[in-house]
Amino acid sequence: MKMIAKFSKTGDLKFCSHLDLQKLFMRAVARAGIPVEFSKGFNRHPNISIAMALGVGQESISEYMEVELSEEISKDVFQRSMNGALPVAVQIMDCRFIEGKMPPLMSLVYAAKYEITFKDIAGLKEKTCAILNESVIMIEKKTKTKTALTDIRPLILDLEAAENKLICLVRCGQVNLKPRDLISLYGNDLNCNIMRTSLMSLKEDGTRLVELMDT
């Protein structure tokens, strides 16, 4: 059986890499005594997978992972035991069992919501309105092998500015807009804090987005 768990990643642990975060959870399930299923083969490890990697230096109150259990335990016991074995900057916020068959969480991620707080920025609302009025926004996006001009306008689903804060809803998953690429539209080398506040999937009928926990 599988458990979906929603967790936070805040404070200094925002500098923890995706690989180190996976190792952190592997150690935590061992300390907490969680009956987790192990992979097969020579290099066996707990069957834990994180839905979507978070950029180093970014915080989140809406990360997700799947844990395959070897036997049933209650949600309360899972959450309490894990939180006791995890640092306070990474805590399980909610969890539920997966009933029946369900695709991997990673394949269900469609969008992410971020809260970006700038230390100092002028004309945030005006710049945001200008971005929303554009039909094409070309930037240079880097991949592992090349740099190419890409139109990111279709990846921006919504933007809202208030004082020094930007709330943005962008594509995430198979098609992805990194917050730093969006921030580059406002200026270079801006000092800001990035917080992921939601990971969302698209309903089967394609009409609305829902939090991954409610998929």
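Residues numbered from 1 in each chain as written. Predicted model: local features only at pLDDT ≥ 70, side-chain atom pairs only at ≥ 80, totals over all residues. Heavy atoms only, no water.

**Description of the packing of aromatic side chains**
The geometry of an aromatic ring pair is captured by two quantities: the separation of the ring centres and the angle between the planes.
Okay, step 1: According to the stated counting rule, one finds two aromatic pairs in the structure shown.
Okay, step 2: With 4.8 Å between their ring centres and 70° between their planes, Phe7 and Phe25 make a pair best called edge-to-face. Here Phe7, found in strand 1 (residues 2–9), pairs with Phe25, found in helix 1 (residues 18–32); they are 18 residues apart in sequence, far enough to count as distant. Phe25 matches Phe7 in its accessibility class, with the two residues each being buried. (Phe/Tyr/Trp six-rings, centres within 6.5 Å; stacked < 30°, edge-to-face > 60°. Helix = DSSP H or I, 4+ residues; strand = E, 2+ residues; numbered from the N terminus. Buried < 20%, exposed > 50% of the residue type's maximum accessible area, 1.4 Å probe, protein only.)

**A short note on the layout of surface pockets**
Okay, step 1: Its boundaries defined by the atoms lining it, the largest pocket holds a volume of some 330 Å³.
Okay, step 2: What lines the largest pocket is Glu140, Lys141, Lys142, Thr143, Lys144, Thr150, Asn176, Lys178 and Asp181.
Okay, step 3: Considering each element in turn, the lining of the largest pocket owes the most residues, three residues, to strand 6 (residues 138–142).
Okay, step 4: Along the lines of polarity and charge, the residues of the lining of the largest pocket split into no nonpolar, three polar and six charged. (1 Å grid on protein atoms, 1.4 Å probe; cavity = no way out; pocket = protein on both sides within 12 Å on 5 of 7 lines; lining within 4 Å. Points joined across faces, edges and corners; volume = space filled by probe spheres on them. Nonpolar A, V, L, I, M, F, W, Y, C, P; charged D, E, K, R; others polar.)

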